[in-house]
Amino acid sequence: NANYKSGSVKYTLTVTKLAKPTSVKLTNSKKKQLTVSWKKVSNATGYRVFYSTNKNMKNAKSTKDIKTTKTTLKSLSSGKTYYVQVRAYVKKYSTNNLSDASKAVSKKVK
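Numbering of residues starts from 1 in each chain and follows the order in which that chain's sequence is written. With the structure being a predicted model, the display of local features is reserved for residues of pLDDT at least 70 and the display and counting of side-chain atom pairs for 80 or more, all residues being used for whole-chain, interface and lining totals. Side-chain metrics in this entry use all non-hydrogen atoms of the structure; hydrogen atoms and water are not considered.

Novice: Quick question: what am I supposed to make of the overall build of the protein here?
Specialist: Think of it this way: any DSSP run of H or I at least four residues long counts as a helix, any run of E at least two long counts as a strand, and we number them from the N terminus. Secondary structure assignment for the protein yields zero helices and ten strands. Reading the helices (α) and strands (β) of the protein from amino to carboxyl end gives β-β-β-β-β-β-β-β-β-β. Split into buried and exposed, the 110 residues of the protein put 30% on the buried side. In what follows, residue pairs with any heavy atoms lying within 4.5 Å of each other are defined as contacts. If you take every contact in the protein between residues at least 6 apart in sequence, the share linking residues at least 24 apart comes to 59%. Carbon and sulfur atoms make up 46% of the accessible area of the protein, which amounts to about 7,400 Å² in all. Only protein chains enter the calculation, and the probe is 1.4 Å; a residue is then buried if its accessible area is under 20% of its type maximum, exposed if over 50%, and partly exposed in between. For every accessible area listed, the method is Shrake-Rupley and the probe measures 1.4 Å; residues are considered covered only by the protein chains on display.

Set out below in structure tokens:
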């Protein structure tokens, strides 16, 4: 929580602690694509998916904001293994409050 004072009005900003996304699944139905799905997180405004060819998620790329619990990653390299994590967020006061990252799951791309 953070307190702010503007003139004679005092504001308290409450930070919502989100649960991390669970049941992250990867499916490989088309060449150079992975479909990512996960369970909905209550109070989440949206999600971000982070993906990398590095097991430790170094130099991970991320998607734009996603409003649903499923997305497709496209233009991936065939034959490489990708590691994927999902984070939920709540948009409050023009900032995104991100949850902890889900457990990393991996799949080899066709």
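Novice: Got a minute to help me understand the packing of aromatic side chains in this structure?
Specialist: Two descriptors summarise a pair of aromatic rings, namely the distance from one centre to the other and the angle between the planes of the rings. Classification of ring pairs uses Phe, Tyr and Trp, with its six-membered ring standing for Trp, and accepts pairs whose centres are within 6.5 Å; under 30 degrees between planes counts as stacked, over 60 as edge-to-face, and the remaining range as tilted. Within this structure, the stated rule accounts for two aromatic pairs. An angle of 65° between the planes, with centres 5.3 Å apart, marks the rings of Trp38 and Tyr47 as edge-to-face. Among the residues examined, Trp38 registers a relative accessible area of 5% and is labelled buried. On the basis of relative accessible area, Tyr47 is assigned to the buried category, the value being 3%. When the ring of Tyr51 is compared with that of Tyr82, the centres are 6.4 Å apart and the planes differ by 50°; the resulting orientation is tilted. Separated by 31 residues along the polypeptide, Tyr51 in strand 5 (residues 46–52) and Tyr82 in strand 8 (residues 81–92) bring together distant segments of the chain. This pair shows no difference in class: Tyr51 is buried, exactly as Tyr82 is. Above the plane of the ring of Tyr89 lies Arg48, whose end atom (NZ or CZ) is 5.7 Å from the centre. A ring is considered to have a charge above it if a Lys NZ or an Arg CZ atom is located within 6 Å of its centre and within 35 degrees of its normal.

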